Amino acid sequence: MIEQSGQLLFRILGPLEAWDGREWVQIRPPKWRALLAALLLHAGQQVPTDRLISEIWDESPPATANNLISVYVHHLRRLIGDEDGAVLVTRSPGYQVVLRSGELDADRFTRLVTQGREVLGARDPAAAAALLTQALDLWRGRALADVSATPLVSAEADRLEESRVAAVALRVEADLACGRHAQVIPELRRMLADDPLREELWELLMRALARAGRQAAALEAYDQARHVIAEELGVDPGAPLQQLYQQILNSDPAITAPPPTETPAEAPVGVPVSLAERVPPPAQLPADITDFTGRAGHVETLCRLLAPAPEQSGPGEGASPGAVRVVLVVGSGGLGKTTLAVHAAHLVAAEFPDGQLFAHLAGATHPVGPGEVLARFLRDLGVEPTRIPVGEEERAAAFRTRLAGKRVLIVLDDARDAAQVAPLLPGSASCAVLVTGRGHLPDIASVRTLDLDVLPPTEAAALFARIAGADRVAAEPQAATQVLTRCAGLPLALRIAGARLATRAGWSVATLAARLADERRRLDELRAGNLAVRACFEVSYASLPSAPAGGEDPARVFRLLGVWSGPPLSLAAAAALLGRPQESVADALEVLVDAHLLESPEPDRYRFHDLLRVFASDRARTQETPDACQQAAARLLNWYLHTTESAARIISPQHMRVPVGEAAAGVVPLTHTSLAQAIDWCETERPAIVAATRLAVTSGVLETAWKLPAAAMSFYYRRSHWADWVTTHEMGLEASRALGDRCAEVWMLNNLGMAYGERRQERTVRCFEQALAISRETGDARGESRSANNLANAYLEFRQYEQALEAAQQSLDIQRRGGFTYVEGVALGILGETCCLLGRFAEAVEHSREALVIFRSLGSRDAEADSLGDLGQALLGLGQVEEAIETLRESLDIRREIEDRHGQAATLCRLAQAQERAGDCAQARQMLIEALQVFEELGDDVQAAEVRFRLAEMDSEVGSPSLNNH
C-alpha cells in the first residue's frame, strides 16, 4: 500500500468537494466552485487575481470583481476551517493553494497509478492491481463534473479522463497477469461500449478472451474492432492489434497460454529463489550531471569514506569485519545533497562490482516504508517476487543474507530518520551505504556525517557562469555579483537563476538581477521548470513537528523570526521577539536547527540563510496577522532599547538618560553589572543595534528609532564607532522629525553634531546651531545646555578660537544658572582648552582644575581623564614639563582602565609632545607610533594623517625611518 502523508482536503475526480473537518461538503455557489477549481488546477502556484477574474466571468467581469474574489476566498476559508489562510494563501497579486502530498484526490490518484506501474514493471501484478484499484476507487464520476466548463476546466477534465482510462487499462493488464481473465472481460466490454475506438481496450479484451481459452471470441472481437474503426475513421486497425490477431489465429502460446499461478514445487517455502544467472548486477545510480561544479573537498571526503578499506591481516587490527560504512550527507533543502551524493557514488562505483542500489526515500514529503524498499531491492538482486517475505523484519534479514560477502554500494536519498534507514543497512563490511537527508541520524551507530553548507563565493560564481554562460556573465560583472548575492550561495537558487538566463536569450544579467531585487518576489522568480526554491523550503517547513504540550510551535517561531532581517539573534533577543520564556523558545529554535531551517553559529545565537529568511518573512506575511508581526517587532525593539540603555548607564553614568519607560509585556531585558560586561555586550550586538534602528524605522516604531541610537551613543563614543554613530542617528533624526518631537530632534542633532565633529566635518556647526535654536524656541533648558557646549566645542575644533571662547563662556553661564553640574564641567573644559590654544595658559590651568574637581566629585572617570589631559597640555604651555608628563600619564592610566582606545591614542600624542620637550625623542617617537596604530585600527584617517605628519617631521630632523618600524 502507498503511504499517505495527509488527509484528503479536496476532491475533483467527480463533483468538486471539500473536507470541512467532519464531512465532505459541496461548494454550492457556482462562482466559489469556479474560483476553487482554478486554484486547485494550479496547486502550489500563484494565480494572479486578473486570471481568476477571467476564469470566473470570462470577458464581462463586474466592476467589483477584485473585491468579490477576496470575499469568495474568505468564504471558502471558513468553509474548510482555514481561517489563518494556511491552505488558501494570499500571495500578491493573487492567491495560491498550498497542499501537502495526498491532500488532493487527483494528486493521490497520480501517485498510486505511478506506483502501480512501477510495481507491475517489477513483476508483482497482484500488488499492482491492488494499487491501481485503490487509485480508481477515488473516482466518483467525470472530473470537475459540477464546475462550469471553461477552456481550462474542460482541458483538465479531458486530461484526467484520459488518465483514468489508461489506469483502467493498466489495472486490467495486471489482472490478466494474475490469471483473472474471466473477471475482466465484462468490464472491458462495458468500456468499449462507451469508447469503441480505443484500440488498446480491444487488445486487452482479445488477450483476456484468448487466455480464457476463447480464441473464437477473441477473433470475433477483432472483427468487431475492425468494423467500428473502418466505419468511423475509414482506416484499418493499427499494427499492434493486427499482430495480436495473427498470434491468436496461429495459437501462439505466448498469447493463449495463461500465466503460471502456482508456486514452483521445487522451491521451499520461505526461501528466496536465486535468479542470479539471469539478473545482472544492479546499476541504479541516477545519471551524473555534466556541470557539477565545486565541492572538491566534500567529494574527496565522500570518496575516502566510501572506498573499501584495505584487507585486514588479522583479528583485532582494525574495524570489525561486520562494521558497515555508513556516510550521511546532511543539510537544508536546495544545497545539492543528492547531486553531490550521486556524483561521488559514480566516482567510487568501480569499487563495488556487485552493483549499486538506489532508492529515493521521500523522507521530507511522504516517506516510503523500508519494507517496500526492501521488496524492490530483493527483486533487483534476483529474488522471485513470489518468494519475498511478507514482514519487514524478514525482508531485512533476507536482504542482509543476499549481500553477505558482496561489494555493493547502497545510496538512500532523502531519508527521514533512523527508523527508515536502519532496516536497509546490510550486515557486511564489504558494502557501503551513502545516505542524504535534512536531519541527523544519531541512532545509527558509527555513522560518518558530512554537514553541507552553501557554496563559497568562488564556487557559486563558477556554477552560475557554467550554467548561464561564462562570456555572458563576464560581460556584466556588477549585475552578476548582484545575482550571486541574492542567491546567497544556495546551489538550487544558482542553478535556477542560471537556467533562466540560459533559456532567455533576450534577457541581460541585469534583467535577472532586477527581478531578484524585490524580496517579496524573489522566491517566485527562483523557479524554472520543476525546480523551485520555495517548494524546496516548503517541504522542510511542512515537516516541522507540532508544538509540544506547554511549548512553542516551531512553525510559528520560524514565521515570526522572519520579521528580523539583521545579524544573528541571541536566545534572549529571540525570546523577547516571541514574548515567551527562554526555555521553551530554546527548544523550538533547536527543532528549527535540526530541520536545517535555522543556523546556530555559536551556542544560543541563531541566524537564517538569506533565502530562508526571505521565505520566513513570506510565511509571516501570509500566515500571521499584520498585528502579530508588528507586536513581535515592537517587543524585540523594546528589548534592544532597554538592554542598550542598561549598558549606557554603566558606560557613561553622567550622560543624560534616554526615557525608555517600563519594559513591554513578555520582554525581559538584560542588565549589566560591570563596565567590561556592558562594553562587550554592545560590541557583540553592534551590527544588531544598527539593524534594529532600521527595523524601527521601517516598521513605524519611530520612538525607538531615535531612542535606541541615543542610548547607544555612549558606547559609540567610547569605542569610536563613528560610522555606526552617524548611520543610526541620521535615521533617528528622520524619525524624530516624522514624530514632530522637537526635544528628540534636538537630542539627535546634538549627537550627530558630535559624530560629525569627530570626523572633522563642517556640518557639525550647523547641527549644533539648529539644536540650540530649537532648544531656546521650546524652552528646553537641558537641551540648550548641551547644545551650547557642543557649539562651543565645534568652534574650537574648527579653530575659531574667539567664537569658541565666547560660546563657552555663554554655555558656562547657562550651566550654572540651570544647576547642570556635569555640563558645567564640560563647559569649563572647553574654556580651558580654548585658552590654552590662545596661549592663555594660566587661565587654562585654572579652568581645567575647576573641571577636574567637578568630575572627580561626580565619579566620572572618562571626564576626569579629559580634564587631566587638558590640564597637562596647559601645564606644558607654562613650561612645567615634569608636572605635565605626570598629569598626562595619570590621564593615560584612566583611559586604559576604562578601555577608551581613542582617548588613549589622543593622550599618547600629548605625552609624546611633552616627552619631546623633556628631551626624550625616542620615547616620544614610540608613543606616536603606538597612537598611529590605534588610530588606524579605529579607522580615524584624519588623526592618523596628523600623526604621520608629526613622525615625518621627527624623521627629517634626526634621519630615522620611524614610519617603517610600526
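How each quantity is defined
- Residues numbered from 1 in each chain as written.
- Predicted model: local features only at pLDDT ≥ 70, side-chain atom pairs only at ≥ 80, totals over all residues.
- Heavy atoms only, no water.
- Helix = DSSP H or I, 4+ residues; strand = E, 2+ residues; numbered from the N terminus.
- Rg over C-alpha atoms; globule rule 2.2 N^0.38 Å.
- Buried < 20%, exposed > 50% of the residue type's maximum accessible area, 1.4 Å probe, protein only.
- Contact = heavy atoms within 4.5 Å.
- Areas by Shrake-Rupley, 256 points an atom, 1.4 Å probe, with all protein chains shown as cover.
- Polar contact = N/O pair within 3.5 Å; in protein donor to acceptor, adjacent residues only side chain to side chain.
- Pairing = 2+ DSSP bridges.
- Axes fitted to C-alpha atoms, helices over the stretch in contact; angles between N-to-C directions.
- Parallel < 35°, antiparallel > 145°, perpendicular 65-115°, else oblique.
- Left-handed = near helix turned anticlockwise from the far one by under 90°.
- Nonpolar A, V, L, I, M, F, W, Y, C, P; charged D, E, K, R; others polar.
- Patch = residues over 30% accessible without salt bridge, like charges linked within 9 Å, V, L, I, M, F, W, Y side chains within 5 Å.
- Salt bridge = Lys/Arg side-chain N within 4 Å of Asp/Glu carboxyl O.
- Expected span 1.5 Å × (residues − 1).
- Core = buried A, V, L, I, M, F, W, Y, C linked by side-chain atoms within 4.5 Å.
- Phe/Tyr/Trp six-rings, centres within 6.5 Å; stacked < 30°, edge-to-face > 60°.
- Lys NZ or Arg CZ within 6 Å of the ring centre and 35° of its normal.
- Disulfide = S-S within 2.5 Å.
- pLDDT = per-residue confidence, 0-100.

A count of helical and extended segments in the protein gives 43 helices and 16 strands. In terms of C-alpha radius of gyration, the protein reaches 39 Å, well past the compact-globule figure of 30 Å for 966 residues. Dimensions of the protein, computed from the C-alpha atoms along their principal axes, are close to 130 × 85 × 55 Å. Burial analysis of the protein (966 residues in total) assigns 52% to the buried set. For the protein, restricting intrachain contacts to residue pairs at least 6 apart in sequence, the fraction spanning at least 24 positions comes to 67%. Carbon and sulfur atoms provide 50% of the accessible area of the protein, an area that totals close to 42300 Å².

Locating arginine 605 in the fold gives a position in strand 16 (residues 605-607). At a separation of 3.1 Å, a polar atom in the side chain of arginine 605 contacts the main-chain carbonyl oxygen of proline 568. Residue contacts for arginine 605: discarding those within four places in its chain leaves Pro568, Leu569, Ser570, Glu599, Ser600, Thr684 and Glu685.

All right, on to the sheet that holds strand 3 (residues 24-26) then. Sheet architecture is open: three strands sit in the order 1-2-3, paired in antiparallel fashion. Looking along the sheet, the strands with just one partner apiece sit at the ends: strand 1 (10-11) and strand 3. As paired elements, strand 1 and strand 2 (residues 17-19) share two bridges and run antiparallel to each other. Each bridged residue has a counterpart across the sheet, and for phenylalanine 10 the counterpart in strand 2 is alanine 18.

Glancing now at the sheet that holds strand 8 (residues 356-360). With parallel pairing, the five strands of this open sheet are ordered in space as 8-9-10-7-11. With partners counted over all chains shown, the strands left at the sheet margins are strand 8 and strand 11 (448-451), one partner each. With strand direction ignored, the average angle separating the axes of adjacent strands in the sheet is 15°. By the bridge criterion, five bridges tie strand 8 to strand 9 (residues 409-415) in an arrangement that is parallel. If you follow alanine 359 over to strand 9, its bridge partner there is leucine 412.

The next point concerns the packing of helix 28 (residues 626-651) against helix 29 (residues 675-684). Two packed helices can be described by the angle between their axes and the distance between those axes. Packing of helix 28 against helix 29 leaves a shortest axis separation of 9 Å and a crossing angle of 140°. It follows from the interaxial angle that helix 28 and helix 29 lie oblique. Note on packing geometry: the crossing formed by helix 28 with helix 29 is left-handed. Contact residues: Trp639, Tyr640, Thr643, Thr644, Ala647, Ile650 and Ile651 in helix 28; Leu675, Ala678, Ile679, Trp681 and Cys682 in helix 29. A breakdown of the residues in the contact of helix 28 with helix 29 according to their chemical character gives 10 nonpolar, two polar and no charged.

What follows is about a nonpolar patch on the surface. A cluster of nonpolar side chains, Leu197, Leu233 and Val235, forms an exposed patch at the surface whose accessible area comes to about 250 Å². With respect to the helices and strands, the residue valine 235 is situated in the loop between helix 9 (215-233) and helix 10 (239-249).

Structurally, the position occupied by leucine 531 is in strand 13 (residues 531-532). Residues within four places of leucine 531 in sequence aside, it is in contact with Leu492, Ile496 and Leu526.

Before going further, it helps to spend a moment on helix 35 (residues 781-797). Taking 1.5 Å per residue, 17 residues should reach 24 Å; helix 35 reaches 24 Å between its end C-alpha atoms and fits that length. Of all 17 residues that make up helix 35, 13 are buried, and the element is covered over most of its length. Of the residues one or two after helix 35, arginine 799 is the one with positive phi, at around 65°.

Moving on, we get to the pattern of salt bridges. Counted by the stated rule, this structure contains 58 salt bridges. Between glutamate 899 and arginine 719 there is a salt bridge, and its shortest N-O distance comes to 3.1 Å. In this pair, glutamate 899 sits in the loop between helix 40 (881-897) and helix 41 (901-917) while arginine 719 sits in helix 31 (residues 702-719), placing the two residues 180 residues apart along the sequence. On the basis of relative accessible area, glutamate 899 is assigned to the partly exposed category, the value being 32%.

Moving on: the pairing of strand 7 (residues 325-330). Taking burial as the measure, the six residues of strand 7 include six buried ones, the bulk of the element. Side chains Arg325, Val327 and Val329 project from strand 7 onto one buried face, and the interleaved Val326, Leu328 and Val330 project onto a second face that is buried too. Bridging between strand 7 and strand 10 (residues 432-437) involves six bridges; their strand directions are parallel. Bridge assignment links valine 327 to a residue of strand 10, and that residue is leucine 434. Here four bridges tie strand 7 to strand 11, and the two strands are oriented parallel to one another. Note that in strand 11 the partner of valine 327 across the bridge is arginine 448.

Within the largest apolar cluster, 141 residues are counted, with the highest numbers of intra-cluster contacts made by Phe464, Leu561, Trp564, Leu577 and Tyr640. Every residue in contact with leucine 561, bar those within four places of it in the chain, is listed here: Leu569, Ala574, Leu577, Leu589, Leu592, Leu598 and Phe608. Of all hydrophobic cores here, the second largest spans 82 residues; its members include Ala143, Val172, Leu204 and Tyr222.

Quick look at the pairing of strand 15 (residues 599-602) now. Direction of pairing for strand 15 relative to strand 16: antiparallel, over a ladder of two bridges. Among the inter-strand pairings, glutamate 599 is bridged to a residue of strand 16, identified as arginine 607. Between strand 15 and the antiparallel strand that follows it, strand 16, lie two residues; aspartate 604 among them carries a positive phi value of about 65°.

Counted according to the given criterion, the structure contains 18 aromatic pairs. Aromatic pair phenylalanine 558 and phenylalanine 608: ring centres 5.4 Å apart, planes at 85°, arrangement edge-to-face. Separated by 50 residues along the polypeptide, phenylalanine 558 in helix 24 (residues 554-561) and phenylalanine 608 in the loop between strand 16 and helix 27 (610-623) bring together distant segments of the chain. Neither phenylalanine 558 nor phenylalanine 608 differs from the other in exposure class; each is buried. Ring centres of tryptophan 639 and tyrosine 640 lie 4.9 Å apart, and the angle between their planes is 80°; on these two criteria the pair is classed as edge-to-face. Linked through ring pairs, Phe537, Tyr541, Phe558, Phe608 and Phe615 together constitute an aromatic cluster. Between arginine 11 and the ring centre of tryptophan 24, over which it is positioned, the NZ or CZ distance is 4.2 Å. Over the face of the ring belonging to tryptophan 507 we find arginine 504, whose NZ or CZ atom lies 5.0 Å from the ring centre.

In this section: unusual backbone geometry. Even without glycine at this site, serine 446 takes up a positive phi of about 60°. Note on placement: serine 446 falls in the loop between strand 10 and strand 11. The phi dihedral of glutamate 899 is positive, around 60°, even though this residue is not glycine.

Attention now moves to the environment of leucine 340. You can see leucine 340 is positioned in helix 13 (residues 337-348). Placed 46 residues apart in sequence, leucine 340 and glycine 294 show a C-alpha to C-alpha distance of 9.8 Å. If near-sequence neighbours (up to four positions away) are discounted, leucine 340 is found in contact with Phe292, Arg295, His298, Val299, Leu302, Val329, Leu450 and Leu452.

Quick look at the state of the cysteines now. In this structure the tally under the stated criterion is zero disulfides. Looking at the unpaired cysteine 536, the closest cysteine sulfur is the one in cysteine 487, lying at 14 Å. Given a relative accessible area of 12%, cysteine 536 falls into the buried group.

Glancing now at the confidence of the model for the protein. When the pLDDT values of the protein are averaged, the result is 85; 94% of them are 70 or greater. The low-confidence segment residues 312-320 (pLDDT under 50) makes three contacts with residues lying over four places distant or belonging to another chain. Throughout residues 960-966 the model reports pLDDT below 50, and contacts reaching past four residues in sequence, or to other chains, amount to 15 contacts.

Turning next to the environment of tyrosine 822. On the secondary structure map, tyrosine 822 appears in helix 37 (residues 821-837). Measuring from C-alpha to C-alpha, the distance between tyrosine 822 and leucine 192 comes to 101 Å, with 630 residues separating the pair along the chain. If we ignore the near neighbours within four places in the chain, the residues touching tyrosine 822 are Gln654, His655, Phe855, Leu858, Ser860 and Ala863.

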